[in-house]
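As a plain string of letters, each chain reads:
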Number of protein chains: 2
Amino acid sequence: MNLILLSERDYIGANTVRLSDRRFQHVAGILRSSAGDVLSVGLLNGPVGQGTITRLAADALELVVVLDRQPPAPLPVTLLLALPRPKMLRRILFTAATMGVKKIYLMNAARVEKSFWKSPLLSEERLREQLMLGLEQAEDTLMPGVFLRPLFRPFAEDEVPGIAKGTLPLVAHPAAEESCPRDVSGRITLAIGPEGGFVPYEIECFIAEGFHSVSIGRRLLRVETVVPALLSRLC
Amino acid sequence: MNLILLSERDYIGANTVRLSDRRFQHVAGILRSSAGDVLSVGLLNGPVGQGTITRLAADALELVVVLDRQPPAPLPVTLLLALPRPKMLRRILFTAATMGVKKIYLMNAARVEKSFWKSPLLSEERLREQLMLGLEQAEDTLMPGVFLRPLFRPFAEDEVPGIAKGTLPLVAHPAAEESCPRDVSGRITLAIGPEGGFVPYEIECFIAEGFHSVSIGRRLLRVETVVPALLSRLC
């Protein structure tokens, strides 16, 4: 937790917040801060700045906050991600949030195991939890949107064209001959398949909608490696 | 496991191997292969190719192998990595091996917790296990070397200059003003600090030896994210 993320309901005065949940426990137990210490804070979907501890009790702390800077710029990438194995999904959401992705569609694909869609991790609350941890890591405040799309075809045919419009649309495909571009200016839509990749029909759907099928080499990477590798190469 | 990694002692004939360990279990239990199936195989530190299952018994399988291709090219990067938390180290070694890094120095730094050096994961056998998993993922056969350097100063002063010689030496530092280069040709030495970063004295040591202190933006990323993000950006 490099930044303490505040919400409107933490405020007990114009510039004073009171925390008693895991954020308090982190400050008291892990950072071992004391009154007078200055911490990085940010308002959810708002500015970032600093908070000075004015009171540290056994069950809560109070901070006077000055929020005077913008959070880091979002990454101009919309991610279309074949739903990964739940254990991996947690890490991937964390990574995507940390790197500044603000829109993530979790979509179905032939090689996505049906059981993945039943994971309790897909509840709004659990998704939000992972994204918050990612924001706190990156000192960001802008909560990404995550959208579940459990049917491939209606999503690919009805929604993807609108999402991709005005962006550079790319589908990651280890067998592609085109090399993934670098340092792209402008917005990007990036589709990443499941372990084992998208099946040929799915790749064809993307190509039919103007996507470029691109590769970063013949090595087969895990999805949790592909996400930071591609984002960092593209932006 | 996208490739079955063979060693010389698996051979029972000129082109025939016999497997009865976790590789056998993977083929029989997870891939559910049967006689006649063709699998990707590679010889440790040697060529890659295909193996055809000629016999699948309850406790072992035999393959006739044809190894006629080179493994993917190594990444021209030597990694100097402040020893991460053991849980993260596992994933980072896996990722580095998958992406093709062939030399990894695990070094000390002020913000490395002393207890990390006592992790059983640092035994030769356990390190090798993670690296093998990474190679199998990437269909690679060239085993990376991992070197433990539990003293910062002697390593930084006596060894690093020799390692960095003839390479582009970079130290990742979120506060750096210089942006990390992209698509570098030639060899690279890349130093990555612990969570919280290298301390100023350590950064100065690297700079005194000709390293460029570089950043990929103001977001603070976890080491396990920084490694694939930087490797993919540089190579």
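Residues numbered from 1 in each chain as written. Chains lettered and ligands numbered in written order. Predicted model: local features only at pLDDT ≥ 70, side-chain atom pairs only at ≥ 80, totals over all residues. Heavy atoms only, no water.

**Observations regarding the sheet that holds strand β1 (residues 4-6) of chain B**
Residues and elements named next belong to chain B.
Thinking step 1. Taken in spatial order, the five strands line up as β1-β3-β4-β5-β2 in an open sheet, and their pairing is mixed. Of all strands in the sheet, those with a lone pairing partner are β1 and β2 (16-19), marking the two edges. For this sheet, the mean angle separating the axes of adjacent strands, direction not counted, is 40 degrees.
Thinking step 2. With three bridges joining them, β1 and strand β3 (residues 38-43) adopt parallel strand pairing. When the bridges of β3 are listed, Leu-5 appears paired with Gly-42. (Pairing = 2+ DSSP bridges. Helix = DSSP H or I, 4+ residues; strand = E, 2+ residues; numbered from the N terminus. Axes fitted to C-alpha atoms, helices over the stretch in contact; angles between N-to-C directions.)

**Digging into the interface of chain A and chain B**
Thinking step 1. Taken together, the contact between chain A and chain B spans 35 residues of the former and 35 residues of the latter.
Thinking step 2. Applying the counting criterion to the chain A and chain B interface returns four salt bridges.
Thinking step 3. Between the two partners, chain A and chain B, sit 18 residue pairs in polar contact (both at pLDDT 80 or more).
Thinking step 4. Put simply, the parts of the chain that give the side of chain A that touches chain B at least two residues each are α2 (86-99), α3 (124-138) and α6 (223-234) of chain A.
Thinking step 5. Looking at the side of chain A that touches chain B, the element that brings in the most residues is α6(A), giving seven residues.
Thinking step 6. Looking at the side of chain A that touches chain B, its residues break down into 15 nonpolar, eight polar and 12 charged. (Contact = heavy atoms within 4.5 Å. Salt bridge = Lys/Arg side-chain N within 4 Å of Asp/Glu carboxyl O. Polar contact = N/O pair within 3.5 Å; in protein donor to acceptor, adjacent residues only side chain to side chain. Nonpolar A, V, L, I, M, F, W, Y, C, P; charged D, E, K, R; others polar.)

**Digging into the relation of the copies chain A and chain B**
Thinking step 1. When chain A is fitted to chain B, the residual RMSD is 0.0 Å, and the transformation amounts to a turn of 180 degrees plus an axial shift of 0.0 Å. On this basis, the relationship between the two copies can be described by a two-fold rotation axis.
Thinking step 2. Here 100% of the contact residues of chain A are again contact residues in chain B; the copies associate through an equivalent surface. (Least-squares fit on C-alpha atoms with pLDDT ≥ 70 in both.)

**Side note on the pattern of salt bridges**
Residue and element names in this part refer to chain A.
Thinking step 1. Within this structure, the stated rule accounts for 26 salt bridges over all chains.
Thinking step 2. The residue Arg-23 makes a salt bridge to Asp-10 at a minimum N-O spacing of 2.7 Å. Taken together, the residues Arg-23 in helix α1 (residues 22-30) and Asp-10 in the loop between β1 (4-6) and β2 (16-19) connect sequence positions 13 residues apart.
Thinking step 3. Note on Asp-10: relative accessible area 7%, which makes it buried.
Thinking step 4. One connected set of salt bridges, linked through shared partners, spans Asp-10, Asp-21 and Arg-23. (Buried < 20%, exposed > 50% of the residue type's maximum accessible area, 1.4 Å probe, protein only.)

**Here we look at the domain arrangement of chain A**
Residues and elements named next belong to chain A.
Thinking step 1. Split into domains, chain A comes out as domain 1 (4-69) and domain 2 (77-234).
Thinking step 2. Summed over both partners, the interface of domain 1 with domain 2 buries about 750 Å², with 56% contributed by carbon and sulfur atoms.
Thinking step 3. When the area that domain 1 buries against domain 2 is broken down by residue, the three leading residues are Leu-5, Arg-22 and Asn-45, summing to 61%.
Thinking step 4. Between the two partners, domain 1 and domain 2, sit four residue pairs in polar contact (both at pLDDT 80 or more).
Thinking step 5. For the side of domain 1 that touches domain 2, the element with the most residues is strand β3 (residues 38-43), which contributes three residues.
Thinking step 6. Looking at side-chain class alone, the side of domain 1 that touches domain 2 contains five nonpolar, four polar and one charged residues. (Domains from an automatic or database assignment. Buried area = accessible area lost by both parts, 1.4 Å probe.)

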